[in-house]
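# Structural overview for review
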Amino acid sequence: MNRIDLLKKKAFEEKGFDGFLIANEANMLYFAGFPGASCLLFPRDGENMLYVYGVNYEQAKAEGKGFHVELVKRDENLMAKVAAKALDFGIKKLAFDTLTVENYRSLAKSLRGKAKLKPMGKLVWELRKVKDSGEIELMRKAGELVCEGMKAAYETVKPGVREYEVAAEIEYAMRRKGSWGTAFDTIVASGARSAFPHGGCTDREIREGDLVVVDIGACYRYYRSDMTRTLVAGKPSEKQKKLYEVVKTAQQKAVQAVKAKAKAKDIDTVARKIIEEAGHGVNFVHGLGHGIGLEVHEPPALSQQSKDKLAAGNVVTIEPGIYIVGFGGIRIEDTVLVREQGSEKFTDGFYTLEAST
Ligand code: GLY
Ligand code: MN
Ligand code: MN
């Protein structure tokens, strides 16, 4: 069964809806296979609709298979157009994923009380959270590509090089091997800046003895990977080595605990306990990880607050860290596929503070 039919089964047969409106960008990409649609309307009775403005019309016809492609003119109100079609289809209970307040109001007004609206984005997440074999292939490839970028980082980091120069080498290496782009803005955070988990990438010159957090992602056919390694420019100090071993052990043990049916919270606990026992619980300032796919941050969440249970086909990150203000930070992150028994790493290698330069 294809993705749209699976959603229809969940929403229409199991929940009693008779239409589903998709307006979230990543969800549109998931169902239509190309970016650039303005919204999708799936009726219980009738043809699946893809609404698109002129700028993406030809691409929609070429790449949006299985849809009636409807051109939206610049002066048309998209929500009014969708509402008219929904009423045409006889839709009375319309589910949607996400709408801006403005679009929600406009849609509700145009439906004139003849159809009920309900947010049901969680049904889409139930599908997106579990990657199928085709998605797994693409994500495995995105994992291979980011490892190429990490190799470039290890070959580039040394005293005297600027953060953006490291980023340039990473991104070039990934692109050369086939990456469609970066999964998010490349992070190369050095020295005291490495203590900022999302330290970005600046023109700071890396100095002897600096910790350098390199957090990067590749993108292959819209699917993303996410990988972090921490290294030292020059010779690591004893304190850096000691902290590194704590994070490395926490990361390895957490990865080993990943398997279907495990509670996401329990995986976070595995890593958090190791860091707490080393006296750095307060320095681990974020959750252990997150789902990833068409977006960098997706469900399930791996944290103390999470109520999620892992399932085979989830792809998640495992990324413990210790951040000490003024000293620097250490994070190690891999993207892993959850399997019935254990997991498969999509990113691997480079578990060392030592640069290859
Ligand atoms: N690169 C962002 C993150 O690790 O979540
Ligand atoms: Mn990351
Ligand atoms: Mn991450």
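So, a few notes on the structure that sits alongside this text.

What counts, and at which threshold
- Along each chain, numbering runs from 1 in the same order as the chain's sequence is written.
- Chains and ligands are labelled by the order in which they are written, letters from A for the one and numbers from 1 for the other.
- The predicted origin of the model limits local features to residues at a pLDDT of at least 70 and limits the giving and counting of side-chain atom pairs to 80 or more, whereas totals for whole chains, interfaces and linings rest on all residues.
- Think of the side-chain values as coming from all heavy atoms in the structure, minus any hydrogens and water.
- Between buried and exposed lies partly exposed: a residue is buried under 20% and exposed over 50% of the maximum accessible area for its type, with that area taken using a 1.4 Å probe on protein chains only.
- Counting from the N terminus, the helices are DSSP H or I runs at least four residues long and the strands are E runs at least two residues long.
- The directions considered for the arc run from the helix axis to the C-beta atoms.
- Whether two residues are in contact is decided by their heavy atoms, any of which lying within 4.5 Å being enough.
- The donor set comprises N, O and S atoms within 2.8 Å of the metal, extended to 3.2 Å for Na, K and Ca; water molecules are omitted, so apparent gaps in a site may simply reflect that omission.
- Just to be clear on the cut-offs, tetrahedral is four donors with all angles between 85 and 135 degrees, square planar is four donors and octahedral six with opposite donors over 155 degrees apart and all others between 65 and 115, and anything else goes down as irregular.
- Note on aromatic contacts: the rings of Phe and Tyr and the six-membered ring of Trp form a pair at centre separations within 6.5 Å, being stacked when their planes are under 30 degrees apart, edge-to-face when over 60 apart, and tilted otherwise.

Among all positions of helix α5 (residues 101–111), only Ser106, Leu107, Ser110 and Leu111 are buried. For α5, the buried positions fall inside an angular range of 130° around the axis, keeping them on one side. Residues of α5 that are exposed and angled more than 90 degrees away from the buried face: Val101, Glu102, Arg105 and Lys109. Close packing links the buried residues of α5 with β1 (19–22), α4 (78–88), β5 (93–96) and β6 (116–119).

Donor atoms from the polypeptide that coordinate the manganese ion (ligand 3) comprise Asp226 (OD), His290 (NE2), Glu319 (OE) and Glu333 (OE), at 2.1 to 2.2 Å from the metal. Taken together, the 6 donor atoms surrounding the manganese ion (ligand 3) define angles of 51 to 156° at the centre, an arrangement classified as irregular. The metal-metal distance between the manganese ion (ligand 3) and the manganese ion (ligand 2) comes to 3.3 Å, with Asp226 coordinating both. A residue pair is termed long-range when its members are at least 10 positions apart, and Glu319 in the loop between β15 (315–318) and β16 (321–324) and Glu333 in the loop between β17 (328–331) and β18 (334–338) qualify at 14 residues. Owing to a relative accessible area of 0%, Glu333 belongs among the buried residues under this scheme.

What the rule picks out here adds up to 7 aromatic pairs. Aromatic side chains Phe31 and Phe42 sit 5.4 Å apart centroid to centroid with 80° between the ring planes, which places their arrangement in the edge-to-face category. One end of the pair, Phe31, is in helix α2 (residues 25–32); the other, Phe42, is in strand β2 (residues 39–43), and 11 residues separate them in sequence. Assigned by exposure class, Phe31 and Phe42 land together as buried. Where Phe96 meets Tyr104, the ring centres are 5.7 Å apart and the plane angle is 50°; that geometry is what we call tilted. Tyr104 sits in the partly exposed class, given a relative accessible area of 34%.

All quantities given are derived from atomic positions and should not be read as evidence of function.
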